[in-house]
Amino acid sequence: MPRVSEEHLERRRQQILAAAQLCFARKGFHETSMQDVFAEAGMSAGAVYRYFTSKNEIIAALVVQTMTPLRAQLAEIIRSEIPPTPAEVVRLLTTEVIKRGGPDGPLRLAPQAWALAMVQPEAGIPVRHAIAAMRDLWREYAVRMRELGWIPADADVDALAKTIIGVLPGFMLQHLLLEDADPDEFARGMEVLMAIRPVGRG
């Protein structure tokens with residue numbers, strides 16, 4: 001297939017995804033119909049179905065498209081020669097969340113995708129994959145911290161990864177619902193947590 005045709009197909013695909021993102025951000029997954037997507041994209045049903053056979057396929061594509069840059073950013077951060085401290089990593093990622101979490105921003109779809117994954121197994125596949133891939137990166141970071149002596153040599157890196165991954169969704173929910181979450185505040189909170197040394201315990 002000629003390159004120009006591939007580029008045209010990708011532009012049309014992105015046109016559909018952008019339209020769906022706007023619809024989902026305004027009305028939610030459940031209240032948005034495929035007809036809404038057709039209208040927002042300015043395309044016929046047949047044209048849209050050429051790229052996506054269902055709303056769930058569109059949701060899956062949006063989840064991948066939304067989480068991939070955030071995951072790439074985390075990978076770049078933690079794989080630097082001397083990675084930033086956990087507080088600084090949290091500050092960098094939560095700042096990115098704010099950039100992408102505006103009224104029509106892609107990260108506003110994340111909580112909706114999590115809820116959908118609970119009731120629609122097919123739609124949940126890319127969501128679970130994205131979360132697992134993000135957790136793997138946090139585990140990689142925990143191993144780096146252990147190697148650098150930032151955490152004890154016997155630290156449970158699996159437990160740490162499963163715990164620290166919860167920071168980002170927590171920030172998203174507070175940013176979207178309470179509108180008072182602040183990256184610097186979360187960074188300070190992470191510094192406090194990492195510094196805790198209970199009296200009488202090793």
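Residues numbered from 1 in each chain as written. Predicted model: local features only at pLDDT ≥ 70, side-chain atom pairs only at ≥ 80, totals over all residues. Heavy atoms only, no water.

**Q** Whenever I open this one, the packing of aromatic side chains confuses me. Can you help?
**A** Aromatic ring pairs: the centre-centre distance and the angle between the two ring planes describe each pair. Counted by the stated rule, this structure contains four aromatic pairs. Here the aromatic rings of W138 and Y141 are separated by 6.1 Å at their centres, their planes lie at 65°, and the arrangement is edge-to-face. One end of the pair, W138, and the other, Y141, are both in helix α7 (residues 121–148), three residues apart, so they sit about a helical turn from each other. The class for W138 is buried, based on a relative accessible area of 4%. In this structure Y141 comes out as buried when scored by relative accessible area, which is 1%. (Phe/Tyr/Trp six-rings, centres within 6.5 Å; stacked < 30°, edge-to-face > 60°. Helix = DSSP H or I, 4+ residues; strand = E, 2+ residues; numbered from the N terminus. Buried < 20%, exposed > 50% of the residue type's maximum accessible area, 1.4 Å probe, protein only.)

**Q** Is there a simple way to think about the layout of surface pockets in this case?
**A** One simple way to see leftover space: roll a probe sized like a water molecule over the atoms. When its volume is computed, the second largest pocket comes out at roughly 260 Å³. Along the walls of the second largest pocket sit 19 residues, with M67, W114, I131, P169 and M172 positioned nearest its centre. Of all the elements in the fold, those that place two or more residues in the lining of the second largest pocket are α4 (55–78), α6 (110–119), α7 and α9 (167–178). (1 Å grid on protein atoms, 1.4 Å probe; cavity = no way out; pocket = protein on both sides within 12 Å on 5 of 7 lines; lining within 4 Å. Points joined across faces, edges and corners; volume = space filled by probe spheres on them.)

**Q** Looking at this model, I keep getting lost on the environment of T85. Mind explaining?
**A** Here T85 shows up in the loop between α4 and α5 (86–100). A relative accessible area of 43% places T85 in the partly exposed class. For T85 and F52, which are 33 residues apart along the polypeptide, the C-alpha to C-alpha distance reads 41 Å. In contact with T85, not counting residues within four places along its chain, are Y141 and W150. (Contact = heavy atoms within 4.5 Å.)

**Q** I keep staring at a negative patch on the surface and nothing clicks. Help me out?
**A** On the surface, E179, D180, D182 and E185 cluster together into a patch of negative charge. As for its placement among the helices and strands, D180 is situated in the loop between α9 and α10 (183–195). (Patch = residues over 30% accessible without salt bridge, like charges linked within 9 Å, V, L, I, M, F, W, Y side chains within 5 Å. Areas by Shrake-Rupley, 256 points an atom, 1.4 Å probe, with all protein chains shown as cover. Salt bridge = Lys/Arg side-chain N within 4 Å of Asp/Glu carboxyl O. Lys, Arg positive; Asp, Glu negative; His and termini not counted. Charge placed at Lys NZ, Arg CZ, Asp CG, Glu CD.)

Shape is all these values report; function is a separate question.
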